[in-house]
Amino acid sequence: MTELTCLGVVMTDRGSKYAVSGAQVTTRAEIDAVLNDLKSDKSYAKATHNTWAAVLPTGALKADDGESGAGMVILRMIERAGLKNHVIIVTRWYGGKKLGGDRFRRVQDATRSYLDHIGVQS
């Protein structure tokens, strides 16, 4: 199985917490295995959203998990960075206050943290 890298909570905004994780993958089945591994941790399983994106040999995939548009934010950053065969997952625990457009900036910040961690220019 692909090794999951979890950076944990990388930021908070008005009570919402954001974490970022990722792994090398080449198939949708591997993405599902990574998501299952992440959600084996109860705190991630109970998160409000686990949004993700990846560019695989068969094409780009993304999922918003109820955070409309967040998967596309991650996907665009992955594509701009030229990262292939890698899934990035941004997890949000809702803090009780709506963030409006700032939620996309937090998804970008979390994704950038992960790209920096693995040494890819964002």
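That block above? That's the structure.
For every chain, the first residue of its written sequence is number 1, and the numbers climb from 1 along that sequence. With the structure being a predicted model, the display of local features is reserved for residues of pLDDT at least 70 and the display and counting of side-chain atom pairs for 80 or more, all residues being used for whole-chain, interface and lining totals. In computing side-chain values, all of the structure's heavy atoms are included and hydrogens and water are not.

Participant: Which parts of the structure should I look at to understand the overall build of the protein chain?
Facilitator: Secondary structure elements follow DSSP: runs of H or I no shorter than four residues count as helices, runs of E no shorter than two count as strands, and numbering proceeds from the N terminus. A count of helical and extended segments in the protein chain gives four helices and five strands. When the helices and strands of the protein chain are placed in sequence order, the string is β-β-α-α-β-β-α-β-α. Restricting the calculation to C-alpha atoms gives the radius of gyration, and the globule rule supplies 2.2 Å times the number of residues raised to the power 0.38. Here the C-alpha radius of gyration of the protein chain, 13 Å, is about what a compact globule of 122 residues would show, namely 14 Å. Viewed in the frame of its principal axes, the protein chain has a C-alpha envelope of about 40 × 30 × 25 Å. Only protein chains enter the accessibility calculation, which uses a 1.4 Å probe; a residue whose area is less than 20% of its type maximum is buried, one above 50% is exposed, and one in between is partly exposed. For the protein chain, the proportion of its 122 residues judged to be buried stands at 43%. Residues count as neighbours in contact if any of their non-hydrogen atoms are within 4.5 Å of one another. Long-range contacts, defined as pairs at least 24 residues apart, comprise 64% of the intrachain contacts of the protein chain with a sequence gap of at least 6. Each accessible area value is a Shrake-Rupley result obtained with a 1.4 Å probe; residue values ignore everything except the protein chains displayed when judging cover. Carbon and sulfur atoms make up 46% of the accessible area of the protein chain, which totals about 6200 Å². The charge count treats Lys and Arg as positive and Asp and Glu as negative. His and the chain ends do not count. In plain terms, the charge of a residue is placed at NZ if it is Lys, CZ if Arg, CG if Asp and CD if Glu. Seen as two clouds, the 17 positive and the 13 negative side-chain charges of the protein chain have centres 7 Å apart.

Participant: What exactly am I supposed to notice about the side chain of Arg92 here?
Facilitator: The topology assignment puts Arg92 in strand S5 (residues 86-93). According to the relative accessible area criterion, Arg92 is buried, its value standing at 5%. As used in this structure description, the phrase polar contact means that two N or O atoms lie within 3.5 Å; if the pair is within protein, one of them must be able to donate a hydrogen and the other to accept it, and residues adjacent in sequence are counted only when both atoms belong to side chains. Engagement of the side chain of Arg92 in a polar contact is seen with the side chain of Tyr18, the distance being 3.3 Å. Contact partners of Arg92, with chain neighbours within four places excluded, come to Ser16, Lys17, Tyr18, Ala47, Thr48, His49, Glu67, Lys97, Leu99 and Arg103.

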